Amino acid sequence: MGYKGWTIKTFLLLHLLIFSVDPTKEEVDNNLIVKTIQTADGQTFACVSFKSQPSLRHPLLMNHTTQLMPPISFPHSTDDDEGSKFGISNVEMSEIECPPGTVPILTSYNGSMSTRSFDKIIYSENRNDNGNRQMAAVVTVPSTFYGLQTSISIWEPDLGTGRPPRFSGAIVVLKNGGSRVAVGWSSNTNVKPMVLRSQVDPHLYGDNLVHFEIAWVDNDKSCINLRCAGFVQMSKKAIPGIIIRPVSTVNGKQYIIRVKIIKFMGDWVLKVGEEIVGYWPSKLLTHMSEAADVISWMGVVEAAPGEPFPPMGSGQPADEGETKAAFFADAKVIDASGSFATPALKTINTVATEANCYEVGRPYTTDDGLQFYYGGAGCSPSQPIK
């Protein structure tokens, strides 16, 4: 069934897959901004010419011409893009009304963004200082993958009042060697003015709301959302960093984001529901120019050393099941044949890096794909795992 014991080396390799990154930061050139829009939620977006966005100004993409214009025919899946088959609803993302020929880029980040880093984890691979980041994950054994689809339930866990860094989220990751791309959601603690005065690094968004989030890593380079060259934005609705709602409630309505990442015409295309978000150009991913070799679905959390771990997912353990626990559903991969397929149970492994705090329920398969519940209430204090 793939429920093997995992070594500390495997735990560390899983840590390399964590979604949160310490991004390269490139401010949007004011001269390129066509229009600035502030939403009712207080987020600010810069509308820039499609060709002026960071990725298309990268030296490797100076002569790049996108061929990803609708309509696009992706590999066939048995599932439609409008939602899961078990009575739940897609979340909503507000369309940002940028002028024709432009795309929106979130600019209202909170402070230095120096927390939650892929880089810190990569550089500390051989040191036992990653105990403040935990995950509950299902991971494929190495193979050849050209994409995936999954539904991710959306929650807004109460993260408490611990000092940053402090966040909770859920992500799906494709990787090969030192290259990886990821998509999901995150919730971060609100940063109070007194925290800023004490010179503690603020969190990414500075609120307690749930945000749509993407990231990529290529060897020693990394980026979150559209903060630097790496992802070509096409959508005016599914914008990396945007607030997403509604959220699921325990014993109440369940909401999801439904994502696909597909290798298409040489690049890694991201689709959320029926919306093509954009793509990661393969030229910027050294080890994923051809295919990915591992896919991971995971809940992730982080707490400052000595602080209690926050809730993961809904805050309920996996065995609470339907309407209570967080889940991944409808999970399929695009295998070497180029078709969507449900991962066989013998080709996946499960792991929770701190089983006293979080758990992964036993995965199972249906006609819709792989499903599993995960999560937990967290625990205290946050200390390195031996």
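Residues numbered from 1 in each chain as written. Predicted model: local features only at pLDDT ≥ 70, side-chain atom pairs only at ≥ 80, totals over all residues. Heavy atoms only, no water.

- Going by an unreviewed UniProt entry, the protein chain carries the name Neprosin PEP catalytic domain-containing protein and comes from Oryza meridionalis.

## A closer look at the overall build of the protein chain
And step 1. Regarding its fold elements, the protein chain presents three helices and 21 strands.
And step 2. The buried share among the 386 residues of the protein chain stands at 59%.
And step 3. Long-range contacts, defined here as pairs at least 24 residues apart, represent 77% of the contacts in the protein chain between residues at least 6 apart.
And step 4. Surface summary for the protein chain: the accessible area is close to 15,500 Å², and the carbon and sulfur share equals 50%. (Helix = DSSP H or I, 4+ residues; strand = E, 2+ residues; numbered from the N terminus. Buried < 20%, exposed > 50% of the residue type's maximum accessible area, 1.4 Å probe, protein only. Contact = heavy atoms within 4.5 Å. Areas by Shrake-Rupley, 256 points an atom, 1.4 Å probe, with all protein chains shown as cover.)

## Regarding the nonpolar core
Among soluble globular proteins, nonpolar side chains are generally buried collectively.
And step 1. Ranked by size, the top nonpolar core spans 81 residues in total, and within it F212, I244 and W280 carry the most contacts.
And step 2. Among the elements that line this core, the one with the most residues is strand β12 (residues 255-264), at six residues.
And step 3. Counting residues in hydrophobic clusters, the runner-up holds 11 residues, among them M135, I171, M298 and V351. (Core = buried A, V, L, I, M, F, W, Y, C linked by side-chain atoms within 4.5 Å.)

## With respect to the pattern of salt bridges
And step 1. This model, assessed by the stated rule, comprises six salt bridges.
And step 2. A salt bridge links E302 to R133; the nearest nitrogen and oxygen atoms lie 3.5 Å apart. Of the two residues, E302 is situated in strand β15 (residues 294-302) and R133 in strand β5 (residues 133-140); the sequence distance between them amounts to 169 residues. Both residues of the pair, E302 and R133, belong to the buried class. (Salt bridge = Lys/Arg side-chain N within 4 Å of Asp/Glu carboxyl O.)

## Details of the state of the cysteines
And step 1. Applying the stated criterion across every chain yields a total of three disulfides.
And step 2. The residue that forms a disulfide with C47 is C98, at a sulfur-sulfur distance of 2.0 Å. Disulfide C47-C98: the torsion about the S-S bond is -80°, which places it as left-handed. With a gap of 51 residues between them, C47 in strand β2 (residues 44-49) and C98 in the loop between β3 (89-90) and β4 (102-106) connect regions that are remote in the sequence. There is no split in this pair, since C47 and C98 are both buried.
And step 3. With a sulfur-sulfur separation of 2.1 Å, C223 is cross-linked through a disulfide to C228. For the pair C223 and C228, a shared accessibility class is recorded, and that class is buried.
And step 4. Taken in N- to C-terminal order, the disulfide-linked cysteines of the protein chain are connected 1-2, 3-4, 5-6. (Disulfide = S-S within 2.5 Å.)

## Let's talk about the sheet that holds strand β8 (residues 179-188)
And step 1. The sheet built from seven strands is open, its strands ordered β10-β9-β8-β7-β15-β5-β18 with antiparallel pairing. Two strands lie at the open edges of the sheet, namely β10 (221-224) and β18 (348-352), each paired on one side alone. Between one strand axis and the next, the sheet turns through 15° on average, direction left out of account.
And step 2. Bridge count between β5 and β18: five bridges; the pairing is antiparallel. When the bridges of β18 are listed, A136 appears paired with A352. (Pairing = 2+ DSSP bridges. Axes fitted to C-alpha atoms, helices over the stretch in contact; angles between N-to-C directions.)

## Overview of the environment of T347
And step 1. The residue T347 is located in the loop between β17 (340-341) and β18 in this model.
And step 2. Between the C-alpha atoms of T347 and V141, which are 206 residues apart in sequence, the distance is 5.5 Å.
And step 3. Discounting chain neighbours no more than four positions away, the residues touching T347 are V139, T140 and V141.
And step 4. Within the structure, the side chain of T347 is placed 2.6 Å from the backbone oxygen of A344, a separation counted as a polar contact. (Polar contact = N/O pair within 3.5 Å; in protein donor to acceptor, adjacent residues only side chain to side chain.)

## A look at the sheet that holds β2
And step 1. With respect to topology, three strands assemble into an open sheet ordered β1-β2-β4, the strand pairing being antiparallel. For this open sheet the edge positions go to β1 (33-38) and β4, each flanked by a neighbour on one side alone. When strand polarity is set aside, the average angle formed by the axes of neighbouring strands in this sheet is 30°.
And step 2. As judged from the five bridges shared by β2 and β4, these two strands associate in the antiparallel manner. Each bridged residue has a counterpart across the sheet, and for F45 the counterpart in β4 is L106.

## Some points on the packing of aromatic side chains
And step 1. According to the stated counting rule, one finds six aromatic pairs in the structure shown.
And step 2. With 6.1 Å between their ring centres and 75° between their planes, F327 and Y373 make a pair best called edge-to-face. Pair noted here: F327 is in strand β16 (residues 326-334) and Y373 is in strand β21 (residues 369-375), with a separation of 46 residues, a long-range link.
And step 3. The interplanar angle of 55° and the centroid separation of 6.4 Å between the aromatic rings of F372 and Y374 together place this pair among those described as tilted.
And step 4. For F372, a relative accessible area of 2% gives the class buried.
And step 5. Members of the aromatic cluster, joined through ring pairs, are F328, F372 and Y374. (Phe/Tyr/Trp six-rings, centres within 6.5 Å; stacked < 30°, edge-to-face > 60°.)

## Description of the environment of V333
And step 1. Tracing the backbone shows V333 in strand β16.
And step 2. The spatial distance from the C-alpha of V333 to the C-alpha of Q149 is 6.4 Å, given a sequence separation of 184 residues.
And step 3. Apart from residues lying up to four places away in sequence, V333 is in contact with F145, G147, L148, I295, W297, S339, F340, A341 and P343.

## Structural notes on unusual backbone geometry
And step 1. Residues R245 and P246 are joined by a peptide bond in cis, for which omega reads 0°.
And step 2. For M265, which is not a glycine, the phi torsion comes out positive at approximately 50°.
And step 3. When you line up the elements, M265 lands in the loop between β12 and β13 (267-272).
And step 4. Residue classification places M265 among the partly exposed positions, given a relative accessible area of 47%.

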